[in-house]
Amino acid sequence: MTAPTALALVCTLKKSPSESSSELIARQVLSRLAEHDVKGEVLRLVDYDIHPGVTDDEGAGDQWPRVREQIMAADILLVATPTWLGHMSSVAQRMLERLDAELSNTDEQGRPAMVGKVGLAAVVGNEDGAHKIVADMFQALNDIGFTIPAQGCTYWNGRAMETVDYSDLDEVPEPVASATAAMARNAAHLARLLADQRYPAYQ
C-alpha cells in the first residue's frame, strides 16, 4: 500500500519568510505524521494570490488552482490558523469558501471531490477562541466531504491579553505535544482505512 501524504495549509497573515506560529505548529504536526510513514509538505496561503469566490478557478491571476491541485493529491489536509478576535484568520475563511466548489466537483460515482480525505486543524493564539475555531473548521470541512478522525485537532492558547506567541516558547507544552501525537496517530490510521475501503457510490 502506498504511504499516505499530507498537506498543511498555513493560514497566517504573515508572508514568507516571516516567523509564523501557525507554520511552526503545522510543521510539528507533519513531524508527528512522519513517525507514521506519512509524507507531508507546507503551503503558506498568503504567499499565493487567492481570489475571493466559490468556484475552483476565479479566472486570470487566481492561484487557487495551484493550491487545489496539491490538496487533491494529498490524503490528509491540515489547516493551521492563528486566532484573530476569537475567530480563524481571514485567510482560513477564504480557503473554506474556495473549497465549497468541491461539493459539485464529483468523481465517476458521484462522490464530491474531497470525500475520502482526512481533515485536521491546528490553532494558535494568545487569546481565547481555539475550541470555536476548531468547531467551525470541522463543520465546514465535514460539509465539504472531509472525514475527521478522533481527536483531530491540536491547539495552544497563550495567556489572555499578553504578547507571548507559540513561537516564543522554549519547548512544546506537554498537553500540546500529547494532543499533536494523538491527532497524527489517528489521522494516519484513518487515512489508510479510507484508502483501503472507499465510501459507497453516491449514484
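Residues numbered from 1 in each chain as written. Predicted model: local features only at pLDDT ≥ 70, side-chain atom pairs only at ≥ 80, totals over all residues. Heavy atoms only, no water.

As recorded in an unreviewed UniProt entry, the chain goes by the name Multimeric flavodoxin WrbA, listed as coming from Nocardia bhagyanarayanae.

Draft legend 1. Focus on the overall build of the chain. A count of helices and strands for the chain gives five helices and six strands. Put simply, the chain runs from its N terminus to its C terminus through helices and strands in the order β-α-β-α-β-β-α-β-α-β-α. At 16 Å, the chain has a C-alpha radius of gyration in line with the 17 Å of a compact globule built from 203 residues. For the chain, the C-alpha atoms occupy an extent of roughly 50 × 40 × 30 Å along the three principal directions. By residue count, 48% of the 203 residues in the chain fall in the buried class. (Helix = DSSP H or I, 4+ residues; strand = E, 2+ residues; numbered from the N terminus. Rg over C-alpha atoms; globule rule 2.2 N^0.38 Å. Buried < 20%, exposed > 50% of the residue type's maximum accessible area, 1.4 Å probe, protein only.)

Draft legend 2. Quick look at the nonpolar core. Ranked by internal contacts, the top residues of the largest apolar core, which has 31 residues, are Leu9, Val67, Ile71, Leu77, Met95, Leu99 and Met137. Only strand 1 (5-10), helix 2 (64-73), strand 3 (76-84), helix 3 (90-99), strand 5 (118-125) and helix 4 (130-144) provide two or more residues apiece to this core. Of all the elements, helix 4 adds the most residues to this core, at eight residues. Setting aside anything within four residues of it in sequence, one finds Ile71 in contact with Leu7, Leu9, Trp64, Leu77, Leu99, Met114, Lys117 and Phe146. (Core = buried A, V, L, I, M, F, W, Y, C linked by side-chain atoms within 4.5 Å. Contact = heavy atoms within 4.5 Å.)

Draft legend 3. Fine view of the packing of aromatic side chains. A complete count under the given rule lists one aromatic pair for this structure. Aromatic pair Trp156 and Tyr166: ring centres 5.6 Å apart, planes at 50 degrees, arrangement tilted. Separated by 10 residues along the polypeptide, Trp156 in strand 6 (residues 153-157) and Tyr166 in the loop between strand 6 and helix 5 (174-196) bring together distant segments of the chain. Both residues of the pair, Trp156 and Tyr166, count as buried. (Phe/Tyr/Trp six-rings, centres within 6.5 Å; stacked < 30°, edge-to-face > 60°.)

Draft legend 4. Region of interest: the packing of helix 1 (residues 21-34) against helix 5. It is at 8 Å that the axes of helix 1 and helix 5 come closest, and there the two elements cross at 50 degrees. Between helix 1 and helix 5, the crossing angle belongs to the class labelled oblique. Helix-helix and strand crossings are classified by hand; for helix 1 and helix 5 the assignment is right-handed. Here helix 1 contributes Ile25, Gln28, Val29, Arg32 and Leu33 to the contact with helix 5, which in turn contributes Val176, Ala177, Thr180, Ala181, Met183, Ala184, Ala187 and Ala188. Split into classes, the residues belonging to the contact of helix 1 with helix 5 amount to 10 nonpolar, two polar and one charged. (Axes fitted to C-alpha atoms, helices over the stretch in contact; angles between N-to-C directions. Parallel < 35°, antiparallel > 145°, perpendicular 65-115°, else oblique. Left-handed = near helix turned anticlockwise from the far one by under 90°. Nonpolar A, V, L, I, M, F, W, Y, C, P; charged D, E, K, R; others polar.)

Draft legend 5. Summary view of the UniProt feature "domain: NADPH-dependent FMN reductase-like" (unreviewed entry) in the chain. Within this structure's numbering, the places UniProt gives as "domain: NADPH-dependent FMN reductase-like" (unreviewed entry) are residues 9-150. Between the end C-alpha atoms of residues 9-150 there is a gap of 20 Å, over a span that is 35% helix and 19% strand. (UniProt positions renumbered as here; feature names shortened; annotations may be inferred.)

Draft legend 6. Layout of the pattern of salt bridges. This structure, assessed with the given rule, holds nine salt bridges. Between Arg27 and Glu23 there is a salt bridge, with its nearest N and O atoms 2.9 Å apart. Of the two residues, Arg27 and Glu23 are both situated in helix 1; the distance of four residues between them amounts to about one turn of the helix. (Salt bridge = Lys/Arg side-chain N within 4 Å of Asp/Glu carboxyl O.)

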